[in-house]
Amino acid sequence: MSLLDRAVRSVNRLISQNFGPLSTALYHTATAYTKSYNNLNYDMKSNGEYRLLDKLARLETKVIFDVGANKGEYAKACLSRFKDAELHAFELVPETYARFVANVRSDRVVANPFGLSDQPGTVEINVNPRKDGLSSLIEGTAINKGSWTRQSVTVLRGDDYCAERSIARIDFLKVDVEGAEHLVLEGFSRMLAEGRISVIQFEYGMINIYSKFLLLDFWRVLTDHGFVLGPVMPRGVAFKSYNARDENFQGPPNFVAVHRSKPEIIEAVRLR
């Protein structure tokens, strides 16, 4: 460590621990900057998600899976960009599914009142009636305060769904299921092993503390299946190797994996 580095660290320690309200204000300012720098942002218009769709729309995208479709905002964004694509939407909370059906009306949508997971059957989900986007198979009250109920819901394996529908490949798989993303991926084990999914977007955050499925695990599973990964940033996907320092649960909330057999997609969505 250079003398300059030591001096900077000494000054930082002095300011951070000895100036009361000023230290606190500096801490909150630095934290806000760090969150912004790391793109801890759930606004799809500014966090890069819609921009990613715009880039993918220039390429051939025929089959989209929206797993955790909620009330349909993301599905409508896809339909407006992918004019020839068929979208399969999955929403397992009955009340939320009803809102999806009311909000999304298109003959290009296959709406499914069940979820996807690693095994077919009935499972218990934590439901937040006031914030249905937080409903989760993994956790509820420990992270998000409010009123919670438990409901029994139905799930299938993605592989089985594709086999029943004769779906040969998925061009874009979006998974936002509040910590159960790894279960959805496990349910697509055959499709993944056969290289029949081109692009995957998944969410990652504090709830993964409770699922115990880390970024390291996503990297291992998906790179083993031939994908390159990176966080979604406002101007593109920052493809990178795994770094343990990214395990901070503080953003970015969305990551994208593109199969190596699709170099044109990698180049189209890459951060520049």
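Residues numbered from 1 in each chain as written. Predicted model: local features only at pLDDT ≥ 70, side-chain atom pairs only at ≥ 80, totals over all residues. Heavy atoms only, no water.

(A) Geometry of the side chain of Asn112. Examined against the element boundaries, Asn112 turns out to sit in strand S3 (residues 109-112). Among the polar contacts listed, one links the side chain of Asn112 to the side chain of Tyr161, at a separation of 3.0 Å. Aside from chain neighbours lying at most four places away, what touches Asn112 is His88, Ala89, Phe90, Glu91, Tyr97, Tyr161 and Arg165. (Helix = DSSP H or I, 4+ residues; strand = E, 2+ residues; numbered from the N terminus. Polar contact = N/O pair within 3.5 Å; in protein donor to acceptor, adjacent residues only side chain to side chain. Contact = heavy atoms within 4.5 Å.)

(B) Representation of the pairing of strand S8 (residues 197-203) within the structure. For S8, a buried count of seven out of seven residues is recorded, marking the element as mostly surrounded by other parts of the structure. Pairing of strand S7 (residues 170-175) with S8 involves five bridges; the strand directions are parallel. When the bridges of S8 are listed, Val175 appears paired with Phe202. Relative to strand S11 (residues 254-259), S8 runs antiparallel, the two being bridged by five bridges. Looking at the pairing, Gln201 lines up with Val256 of S11. (Buried < 20%, exposed > 50% of the residue type's maximum accessible area, 1.4 Å probe, protein only. Pairing = 2+ DSSP bridges.)

(C) Representation of the packing of helix H3 (residues 49-56) against helix H4 (residues 73-81) within the structure. At their nearest, the axes of H3 and H4 sit 10 Å apart, and the two run at 30° to each other. Of the possible angle classes, the one that applies to H3 and H4 is roughly parallel. For the pair H3 and H4, the sense of crossing is right-handed. Of the residues in H4, those in contact with Glu49, Tyr50, Leu53 and Asp54 of H3 are Glu73, Tyr74, Ala77, Cys78 and Arg81. (Axes fitted to C-alpha atoms, helices over the stretch in contact; angles between N-to-C directions. Parallel < 35°, antiparallel > 145°, perpendicular 65-115°, else oblique. Left-handed = near helix turned anticlockwise from the far one by under 90°.)

(D) Focus on the pairing of S3. Bridging between strand S2 (residues 86-90) and S3 involves four bridges; their strand directions are parallel. Paired with Ala89 across the two strands is Ala111, which belongs to S3. Read from S2 through helix H5 (residues 94-103) to S3, the crossover connection turns out right-handed. (Right-handed = clockwise from strand over helix to strand, strands pointing away.)

(E) Summary view of the sheet that holds strand S6 (residues 149-157). Across the sheet, three strands lie side by side as S4-S6-S5; this open sheet has mixed pairing. At either end of the open sheet lies a strand with only one pairing partner, and these are strand S4 (115-117) and strand S5 (121-127). Across the sheet, the mean angle from the axis of one strand to that of its neighbour is 55°, orientation sign disregarded. Where S5 lies against S6, seven bridges are found, and the strand directions are antiparallel. For Glu124, the partnering residue across the bridge sits in S6 and is Ser152. Sheet strands touched by helix H6 (residues 158-165): S4 and S6. Its angle to S6, the strand with the most contacts, is close to 55°.

(F) Spatial organisation of the sheet that holds strand S10 (residues 236-237). One open sheet holds the eight strands; their spatial order is S3-S2-S1-S7-S8-S11-S9-S10, and the pairing between them is mixed. Only two strands of the sheet have a single partner each, and these edge strands are S3 and S10. Strand direction decides the pairing type here: strand S9 (residues 227-233) and S10, joined by two bridges, are antiparallel. Looking at the pairing, Val232 lines up with Val237 of S10.

(G) Representation of the nonpolar core within the structure. Grouped together as the largest cluster of nonpolar side chains are 33 residues, with contacts concentrated most on Phe65, Val67, Ile170, Leu173, Phe188 and Ile200. Top contributing element to this core by residue count: helix H10 (residues 215-224), with four residues. The contacts of Leu173, once residues within four sequence positions are left out, are Phe65, Val67, Leu185, Phe188, Ile197, Val199, Ile200 and Gln201. Counting 30 residues, the second-largest nonpolar core is a separate cluster that includes Ala85, Val237, Val258 and Ile266. (Core = buried A, V, L, I, M, F, W, Y, C linked by side-chain atoms within 4.5 Å.)

(H) Looking closely at H5. Taken as a whole, H5 has its buried residues at Thr96, Tyr97 and Phe100. Mapping the buried residues of H5 onto a view down its axis gives an arc of 100°, with all of them on the same face. Along its buried surface, H5 packs onto H4, S2 and S3. (Arc of directions from axis to C-beta.)

(I) Structural context of the pattern of salt bridges. Under the defined criterion, the tally for this structure stands at nine salt bridges. For the salt bridge of Arg157 with Asp159, the shortest nitrogen-to-oxygen distance reads 3.3 Å. The same class applies to Arg157 and to Asp159, which are both buried. Here Arg270 and Glu267 are joined by a salt bridge, their closest N and O atoms 3.0 Å apart. Judged by its relative accessible area of 39%, Glu267 falls in the partly exposed class. Look at the salt bridges and you will find they share partners, linking Glu267, Arg270 and Arg272 into a network. (Salt bridge = Lys/Arg side-chain N within 4 Å of Asp/Glu carboxyl O.)

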